[in-house]
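Observations on chain architecture
What follows is the residue order along each chain.
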Amino acid sequence: MTIAENLDKILSEIPSSVRLVAVTKKKPVTAIKEAYHYGIRDFAESRVQEAILKQEELQDHKDICWHFIGHIQTNKAKKILENFHWIHSVDSLKLAEHLDKLAAKTSIYPHVCLQVKLLPDPNKYGWEVMEFWQDLPKLEPLKHLKIEGLMTILPLGLSENECLETFEKTKELATKINEKSSLQLKELSMGMSNDYLLAVEKGATMIRLGSIIFGARN
Ligand SMILES: *Cc1c(COP(=O)(O)O)cnc(C)c1O
């Protein structure tokens, strides 16, 4: 199957309101161009250096919207702010506060999702629910970040029902945050190649798909 055929299939399965973000980590610029020519404009990377090299090669593709989805070390935050429109992987108060300061200084105001874990998972970054409620009062005043949604990555090995339940809980958490704080979270960045149909069923607004579009990564 070609990239275009894969995209045809995926787009036929999801409502047009769901934003398909093509994850191109470890994939060459030629693959990005192929998806671009198909009509995809949202691309995600998880490593800064790799992303910036590709972005330089794609400078004339000015309407690409770049999404950052990897864990962020403080010393890389400025580069990410300068080179990405969306940051899905804001996973701690310390990082959020650091990004807010940088945003104020540079006058670049990124679209942000807060990464949460509805199930404990030592292999993933992000807030657990209890910690999140503790930090929320300190997140609300970060006015230089456009905090627009939640992002989640499910632990490996869940059953279909457990996936559905966990996506549902993510959505419920966003609803509760909107009721109880000044944040207004409209976006749910959830769903990857293995579980995006379940995520869409539970209200995902952005799905992050890599291998199902571009093939397995080595
Ligand atoms: C790699 C990655 C994806 C895409 O994963 P696939 O299973 O290839 O679709 C999505 N989100 C994040 C955060 C990733 O790191």
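What counts and what doesn't
Residues numbered from 1 in each chain as written. Predicted model: local features only at pLDDT ≥ 70, side-chain atom pairs only at ≥ 80, totals over all residues. Heavy atoms only, no water. UniProt positions renumbered as here; feature names shortened; annotations may be inferred. Helix = DSSP H or I, 4+ residues; strand = E, 2+ residues; numbered from the N terminus. Buried < 20%, exposed > 50% of the residue type's maximum accessible area, 1.4 Å probe, protein only. Axes fitted to C-alpha atoms, helices over the stretch in contact; angles between N-to-C directions. Parallel < 35°, antiparallel > 145°, perpendicular 65-115°, else oblique. Left-handed = near helix turned anticlockwise from the far one by under 90°. Contact = heavy atoms within 4.5 Å. Nonpolar A, V, L, I, M, F, W, Y, C, P; charged D, E, K, R; others polar. Phe/Tyr/Trp six-rings, centres within 6.5 Å; stacked < 30°, edge-to-face > 60°. Lys NZ or Arg CZ within 6 Å of the ring centre and 35° of its normal. 1 Å grid on protein atoms, 1.4 Å probe; cavity = no way out; pocket = protein on both sides within 12 Å on 5 of 7 lines; lining within 4 Å. Points joined across faces, edges and corners; volume = space filled by probe spheres on them.

The name given to the protein chain in an unreviewed UniProt entry is Pyridoxal phosphate homeostasis protein, and the organism recorded there is Crocosphaera watsonii WH 8501. UniProt annotates the protein chain under Function (unreviewed entry) with the comment "Pyridoxal 5'-phosphate (PLP)-binding protein, which is involved in PLP homeostasis." Quoted verbatim from the Cofactor (unreviewed entry) field of the UniProt record, the comment on the protein chain reads "pyridoxal 5'-phosphate".

What follows is about unusual backbone geometry. Here Lys 26, not a glycine, exhibits a phi torsion of approximately 65 degrees, which is positive. Following the sequence through the fold, Lys 26 ends up in the loop between strand S1 (19–23) and helix H2 (29–38). Residue classification places Lys 26 among the exposed positions, given a relative accessible area of 55%. Its identity as a non-glycine residue notwithstanding, Ser 107 has a phi of 55 degrees, on the positive side. Relative to the assigned elements, Ser 107 resides in the loop between helix H5 (93–106) and strand S5 (111–117).

So, on to the packing of helix H6 (residues 129–139) against helix H7 (residues 160–180). Running from amino to carboxyl end, H6 crosses H7 at an angle of 20 degrees, the nearest separation of the two axes being 12 Å. Relative to H7, H6 is oriented roughly parallel. As for the relative orientation of H6 and H7, their crossing is right-handed in sense. Contacts from Val 129, Phe 132, Trp 133 and Leu 136 in H6 reach Leu 173, Lys 176, Ile 177 and Lys 180 in H7. Within the contact of H6 with H7, the residues separate by chemical class into six nonpolar, no polar and two charged.

Any two aromatic rings considered together are summarised by their centre-to-centre distance and by the angle between their planes. Throughout the structure, instances matching the rule amount to four aromatic pairs. Where Phe 68 meets Phe 84, the ring centres are 5.0 Å apart and the plane angle is 75 degrees; that geometry is what we call edge-to-face. In this pair, Phe 68 sits in strand S3 (residues 65–68) while Phe 84 sits in the loop between helix H4 (77–83) and strand S4 (86–90), placing the two residues 16 residues apart along the sequence. Relative to Trp 133, the ring of Phe 132 has its centre 6.4 Å away and its plane inclined at 80 degrees; by these criteria the two rings are edge-to-face. For Phe 132, a relative accessible area of 0% puts it in the buried group. A relative accessible area of 27% places Trp 133 in the partly exposed class. Put simply, the rings of Trp 127, Phe 132 and Trp 133 pair up and form one aromatic cluster. One Lys or Arg, Arg 41, reaches over the ring of Tyr 36 and ends 3.5 Å from the middle of that ring.

Turning our attention to the UniProt feature "domain: Alanine racemase N-terminal" (unreviewed entry) in the protein chain. On the UniProt side, "domain: Alanine racemase N-terminal" (unreviewed entry) is annotated at positions that read residues 3–217 here. What you have in residues 3–217 is 44% helix and 19% strand, and the ends, taken at the C-alpha atoms, are 14 Å apart.

What follows deals with the layout of surface pockets. Its boundaries defined by the atoms lining it, the largest pocket holds a volume of some 1,100 Å³. If you trace the largest pocket, you find 40 residues lining it, with Lys 25, Ile 69, Lys 124, Ile 153 and Met 192 closest to the centre. Those elements that place two or more of their residues in the lining of the largest pocket are helix H3 (48–57) and strand S9 (206–209). For the lining of the largest pocket, the leading source of residues is H3, giving three residues. In terms of residue class, the lining of the largest pocket is built from 17 nonpolar, 13 polar and 10 charged. Empty space within the second largest pocket amounts to approximately 180 Å³. Taken together, Ile 52, Gln 55, Glu 56, Leu 58, Gln 59, His 61, Lys 62, Ile 64, Trp 66, Asn 83 and His 85 form the lining of the second largest pocket. Among the elements that line the lining of the second largest pocket, the one with the most residues is H3, at three residues. In the lining of the second largest pocket, the residues fall into four nonpolar, five polar and two charged.

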